[in-house]
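What the coordinates show
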Amino acid sequence: MSDNATDVLIRREGRAGRITLNRPAALNALTYPMVGAIWRALLEWQNDEAVALVILDGAGERGLCAGGDVRSLYQSRNEGSRLARRFWAEEYRLNALISRYRKPFLALQDGIVMGGGIGLSSHASHRLVTERSQLAMPETTIGLIPDVGGTWLLSRAPGETGIYLGLMGARMGAADAIYAGFSDAMVPAAILPELVVELCRSARPVDAVLEGIKAEPTPGELATLRPQIDAAFCFDTVEAIQSALAAMPGDWAKATLASFAPRSPLSLKATLATIRHARGLGSLEAALVVEYRLTVRLFEHGEFLEGVRALLVDKDHKPRWNPSRLEDVTPIMIARLMAPLPPEEELDLRAPTRF
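In this report, we go over the structure that sits alongside the text. (Residues numbered from 1 in each chain as written. Predicted model: local features only at pLDDT ≥ 70, side-chain atom pairs only at ≥ 80, totals over all residues. Heavy atoms only, no water.)

1. Notes on the pairing of strand 3 (residues 53–58)
The buried fraction of strand 3 amounts to five of the six residues, a majority that puts the element mostly inside the structure. Of the strand pairs in this sheet, strand 2 (residues 16–21) and strand 3 are connected by six bridges, and their pairing is parallel. Bridged to Thr20 within strand 3 is Asp57. Handedness of the crossover joining strand 2 and strand 3 through helix 1 (residues 32–46): right-handed. Inspection of the sheet shows strand 3 paired to strand 5 (residues 105–109) by three bridges, in the parallel sense. Opposite Val54, over in strand 5, you have Phe105 as the bridge partner. (Buried < 20%, exposed > 50% of the residue type's maximum accessible area, 1.4 Å probe, protein only. Helix = DSSP H or I, 4+ residues; strand = E, 2+ residues; numbered from the N terminus. Pairing = 2+ DSSP bridges. Right-handed = clockwise from strand over helix to strand, strands pointing away.)

The following block contains the structure:
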């Protein structure tokens, strides 16, 4: 994994602590050293009276963060799951810290925000999208589940939209991200530089600064599609969801049904189960514990590694999923993925980090 100190820029500007993800050529993908740098900065600023707020953004104009550095996890496969476990454990601890941070945490969700980028931004106290924003949790295409607290967010989206977004990895523009609860408000991308300057300099509360600059996003699709989504994605099995889509008229249902094909059957069924399960949980932290069990096991099973190989390494887009068919993924398999790890291996969000 990268250890370049410039991969994330940490500094103070006026009354703000600034965090800029700085790997624009990799769409600011999150590495293990970057997680550590952000963690240390947040702990330091939390008790620094001179820091009134934290601002997170990404270098370049393409996106805040396209996800975790899954290539590095793939490359570590010959060492077992040790590095993967360490990365996910520390990343999830950072997600939990952001969610309960004692100072305003402003995430600028400009451009592409996926996977690990959702974990860094959608648990923040203030989440701003722009007209360029594209948010998504596309993990079923790489043999994983929506993690970094994704199942918690998706489980609280209106109706069955969270199930739809989690299974399909559908992209959300500004309006849809706000509707689904991943973001709070939209501001024009052109004013982001002056907004950051104002936030760093002004003594006014963050909400007061933002109040006069919020814009109305172009209407999205989720609210309009909600009746169809609720009707198709309300079932407890992926097979039943597919049957409902097959019986629906219209291009949306046909396209949605077709988009199941390249996805991991194991990941699809695990995603449906974990989002449904998260609806009954009482906290983000509880959801992160369950997600950790699944990410570790999907890594060790090989499903995640095969997904990364097919999509990002060899790029043949011909994953050899195991099992290869939905009907061969049994409830017992999913229950085993979700079951507690041995006590000494469970994610302990109270444990000190290893940074």
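2. Overview of the sheet that holds strand 6 (residues 112–114)
With parallel pairing, the three strands of this open sheet are ordered in space as 4-6-8. This sheet does not close on itself; its edge strands, each paired only once, are strand 4 (63–65) and strand 8 (134–136). Neighbour to neighbour, the strand axes of the sheet diverge by 15° on average, direction disregarded. Bridging between strand 4 and strand 6 involves two bridges; their strand directions are parallel. (Axes fitted to C-alpha atoms, helices over the stretch in contact; angles between N-to-C directions.)

3. A short note on the pairing of strand 2
For strand 2, the tally of buried residues reaches six of six residues, placing the bulk of the element in the interior. Of the two faces of strand 2, the one carrying Ala16, Arg18 and Thr20 and the one carrying Gly17, Ile19 and Leu21 are both buried. The sheet contact formed by strand 1 (residues 8–13) and strand 2 spans six bridges and is antiparallel. Counted as the bridge partner of Ile10 is Ile19 from strand 2. Here strand 1 folds back onto strand 2 in antiparallel fashion, the turn holding two residues, of which Gly14 has a positive phi close to 60°.

4. Let's talk about the sheet that holds strand 7 (residues 126–129)
Here six strands make up an open sheet; going across it, the order is 1-2-3-5-7-9 and the pairing mixed. With partners counted over all chains shown, the strands left at the sheet margins are strand 1 and strand 9 (185–186), one partner each.

5. Points about the packing of helix 14 (residues 284–301) against helix 16 (residues 331–338)
Relative orientation of the contacting elements helix 14 and helix 16 amounts to 115°, with a least axis distance of 7 Å. With respect to helix 16, the element helix 14 is oriented roughly perpendicular. Residue-level inspection shows Val290, Arg293, Leu294, Arg297 and Leu298 of helix 14 in contact with helix 16, the latter providing Arg336, Leu337 and Met338. For the contact of helix 14 with helix 16, the residue count by class is five nonpolar, no polar and three charged. (Parallel < 35°, antiparallel > 145°, perpendicular 65-115°, else oblique. Contact = heavy atoms within 4.5 Å. Nonpolar A, V, L, I, M, F, W, Y, C, P; charged D, E, K, R; others polar.)

6. Topic: the packing of helix 1 against helix 3 (residues 82–99)
In contact at an axis separation of 10 Å, helix 1 and helix 3 are set at 30° when each is read in the N-to-C sense. When the axes of helix 1 and helix 3 are compared, the pair comes out roughly parallel. Pair helix 1 / helix 3 crosses with left-handed handedness. Facing Tyr32, Val35, Ile38, Trp39, Leu42, Leu43 and Gln46 of helix 1, the residues of helix 3 in contact are Arg86, Phe87, Glu90, Glu91, Arg93, Leu94, Leu97 and Ile98. The residue makeup of the contact of helix 1 with helix 3, split by class, is ten nonpolar, one polar and four charged. (Left-handed = near helix turned anticlockwise from the far one by under 90°.)

7. Quick word on the layout of surface pockets
Where empty space is left in the structure can be found by rolling a water-sized probe over the atoms. Reported here for the largest pocket is a volume of approximately 670 Å³. Taken together, 32 residues line the largest pocket, and the ones lying closest to its centre are Ala66, Gly67, Gly68, Val70 and Leu312. Secondary-structure elements contributing two or more residues to the lining of the largest pocket are helix 2 (70–75), helix 3 and helix 15 (303–313). Among the residues forming the lining of the largest pocket, the class breakdown is 18 nonpolar, six polar and eight charged. (1 Å grid on protein atoms, 1.4 Å probe; cavity = no way out; pocket = protein on both sides within 12 Å on 5 of 7 lines; lining within 4 Å. Points joined across faces, edges and corners; volume = space filled by probe spheres on them.)

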